[in-house]
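Coordinates in review
In case you want the letters, here they are:
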Amino acid sequence: MAETSAPPVPSDHIMGVYARAPLAFERGEGSYLYTEQGEAYLDCMAGIAVTALGHSHPKLVAAVKEQAEKLWHTSNIFRIPNQEKLAGMLTAHSFADVCFMTNSGTEAIECAIKTARKYHWAKGQPERIDIIGFDGSFHGRTLAAVNASGNASYLEGFGPPMPGFVTAPFGDLDALKALVGPTTAAIILEPVQGEGGARSWPDADLRAIRQLCDETGTLLIYDEIQCGLGRTGRLYAYEWADAPPDIMAIAKALGGGFPVGACLATAEAARGMTPGSHGSTYGGNPLAMAVAVASVEELVKPELMAHVREVAGYLNQQIAGLKDRYPDVVLDIRGKGLLIGVKLATPNREFMQHARDQHLLLAGGGDNCVRLLPPLTLSLEEAREAIEKMERACQAAQAEAKAPKDTVGA
Ligand SMILES: *Cc1c(COP(=O)(O)O)cnc(C)c1O
């Protein structure tokens, strides 16, 4: 009798690692998400910088459907024509000569770290294993990735920190120089930090780090999983500084929502990666490759990059206006292109709720930021709507911040 109890709430059976917002969506189109009740939300976080071409982009939908009816998976035991095509496109549009396809960002980081260590090993310097990362960075959740970022809260409880990882202070080139030594394999950084609060490396610093790497035989790894593939208004953020890496991880925008990533490298940096040294069952499978090829065909269009720069310019200018009008709420604006960090004086989680009350979706970020990571296709009209909604969220945050004082006065 009582054994046939009501089915449990689904979240009862989901591992408790996420603090989710009390919202679910049924479908998406362009820059909007719709609940089951048909309520529209303006999506200025794009699934954390993933749906770069907006939701349900017709070209991506067609690519999935067409490939789904033909062939999903064969494994890397065989040639995969679209994997070769994607690798050709990614290398033609970057510093790289070769690519390894993955299913996620953190796997691309894993490949980057292994590639860097194997390079030195292949050159007869197996002692060069140290990966120098920076505070405030985020490289994903595999054990190597959390060790590379050095963020204590991601490491806590997962055993001792792994040997071979060193954390440097963000933006301090002298400290970095002092850390590079005979056991250094690579320096890893995000040209524009994402989760860490949209902190951007100055172009001159990236060039100085490139030079430091050249002088010391250290490999330079960029994590462009979030800032790459068009988000900053260039295909890759490093193009602004004209300081290319030796190895680079990309993902997020690459599949526009289909799980796919890639590790790109020069032929020289990848010299240790020989048959059997690395692999993936799913990575680069026909279904993922069909979507990624369609996605990259769109992302490399110069007119899309011009659009990103225009919309980003507008948003930055308007948010600067919010900073002037709501100095008790908005403290600072950071980032590059459509990776915009807004540092707040009031708690960012509460601000995100105020934004959701206005049917605007924002991402959180380190250092009490909210991030705007809209689809790269966000129109100027939608950008105007986002600013109107943000202004109302600022008003709500300001009212809330003032409320306790008023109570005391009453
Ligand atoms: C999202 C992200 C990752 C991790 O990607 P996953 O697909 O979640 O594994 C790594 N680095 C950066 C900069 C990211 O933004």
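These numbers were taken from a predicted model, which means no experiment stands behind them. (Residues numbered from 1 in each chain as written. Predicted model: local features only at pLDDT ≥ 70, side-chain atom pairs only at ≥ 80, totals over all residues. Heavy atoms only, no water.)

Notes on a nonpolar patch on the surface
Definition in use: Patch membership needs two things, relative accessible area over 30% and no salt bridge, and members are linked within 9 Å if like-charged or within 5 Å if nonpolar (Val, Leu, Ile, Met, Phe, Trp, Tyr). Computed with a 1.4 Å probe, the accessible areas rest on the Shrake-Rupley method; for each residue, only the protein chains presented here act as cover. What counts as a salt bridge is simple: a side-chain nitrogen of Lys or Arg found within 4 Å of a carboxyl oxygen of Asp or Glu. Accessible area is worked out with a 1.4 Å probe on protein chains only. A residue is then buried under 20% of its type maximum, exposed over 50%, and partly exposed in between.
Taken together, the side chains of M15, V17 and Y18 make up a nonpolar region of the molecular surface, amounting to roughly 410 Å² of accessible area. Here V17 falls in the exposed class, since its relative accessible area comes to 58%.

Quick look at the side chain of R128
Heads up, the condition is: For the purposes of this entry, the term helix denotes a DSSP run of H or I that reaches at least four residues, the term strand denotes a run of E that reaches at least two, and both are numbered from the N terminus. Asp and Glu are treated as the negative residues and Lys and Arg as the positive ones, with His and the ends of the chain left uncounted. For this analysis, a polar contact is any N or O atom pair within 3.5 Å, provided that within protein one partner can donate a hydrogen and the other can accept it, and provided that sequence-adjacent residues contribute only side-chain to side-chain pairs.
Structurally, the position occupied by R128 is in the loop between α4 (105–122) and β5 (130–134). Buried charge without a partner: R128 forms no salt bridge, and the closest opposite charge is E127, 6.2 Å away. A polar contact is formed between the side chain of R128 and the backbone oxygen of T216, at a distance of 2.9 Å. Reaching out from R128, the side chain makes a polar contact with the side chain of T218 at a distance of 3.4 Å.

Observations concerning unusual backbone geometry
Of note, I48 is a non-glycine position whose phi angle comes to about 60°, a positive value. Mapped onto the fold, I48 is located in helix α1 (residues 46–49). For I48, a relative accessible area of 34% corresponds to the partly exposed category.

A look at the layout of surface pockets
The condition is simple: Two kinds of site are reported from a 1 Å grid over the protein atoms alone, namely cavities, where a 1.4 Å probe fits but cannot get out, and pockets, open sets with protein on both sides within 12 Å along at least five of seven lines, and residues are called lining when an atom falls within 4 Å of a point. Grid points are joined across faces, edges and corners, and a volume is the space filled by probe spheres set on the points. Following the grouping adopted for this structure description, the nonpolar residues are Ala, Val, Leu, Ile, Met, Phe, Trp, Tyr, Cys and Pro, the charged ones are Asp, Glu, Lys and Arg, and the polar ones are all others, Gly among them. Domain delimitation in this document rests on an assignment produced automatically or drawn from a domain database.
By volume, the largest pocket is sized at about 2,000 Å³. Where the lining of the largest pocket is concerned, the elements lending two or more residues are α1, α4, α12 (348–357) and β14 (363–365). For the lining of the largest pocket, a count of residues per class yields 23 nonpolar, 14 polar and 10 charged. Split by domain, the residues of the lining of the largest pocket number at least three in each of domain 1 (27–43 + 302–402) and domain 2 (58–299). The wall of the second largest pocket is formed by 22 residues, among which C99, F100, M101, M273 and H278 lie closest to the centre. Residue assignment for the lining of the second largest pocket shows that the elements contributing at least two residues are α3 (81–92), β4 (98–102), α4 and β10 (261–265). Here the lining of the second largest pocket takes four residues from β4, the largest share from any one element. Counted by class, the lining of the second largest pocket contains 11 nonpolar, 10 polar and one charged residues.

Here we look at the domain arrangement of the protein
Rules: The contact rule is simple, with two residues in contact once any of their heavy atoms fall within 4.5 Å. Using a 1.4 Å probe, buried area is obtained as the accessible area two parts lose upon being combined, added over both of them.
In terms of domains, the protein is made up of domain 1 (27–43 + 302–402) and domain 2 (58–299). Measuring from the centre of the C-alpha atoms in domain 1 to the corresponding centre in domain 2 gives 28 Å. Facing 21 residues of domain 1, the contacting portion of domain 2 comprises 22 residues. Interface area, domain 1 with domain 2, both sides summed: about 1,500 Å², of which 59% is carbon and sulfur. It is K336, L339 and R371 in domain 1 that bury the most area against domain 2; as a group they hold 39% of the surface buried on that side. The partner of K336 in a salt bridge is D203, and the shortest N-O contact between them spans 3.4 Å. At the junction of domain 1 with domain 2, the criterion picks out nine residue pairs in polar contact (both at pLDDT 80 or more).

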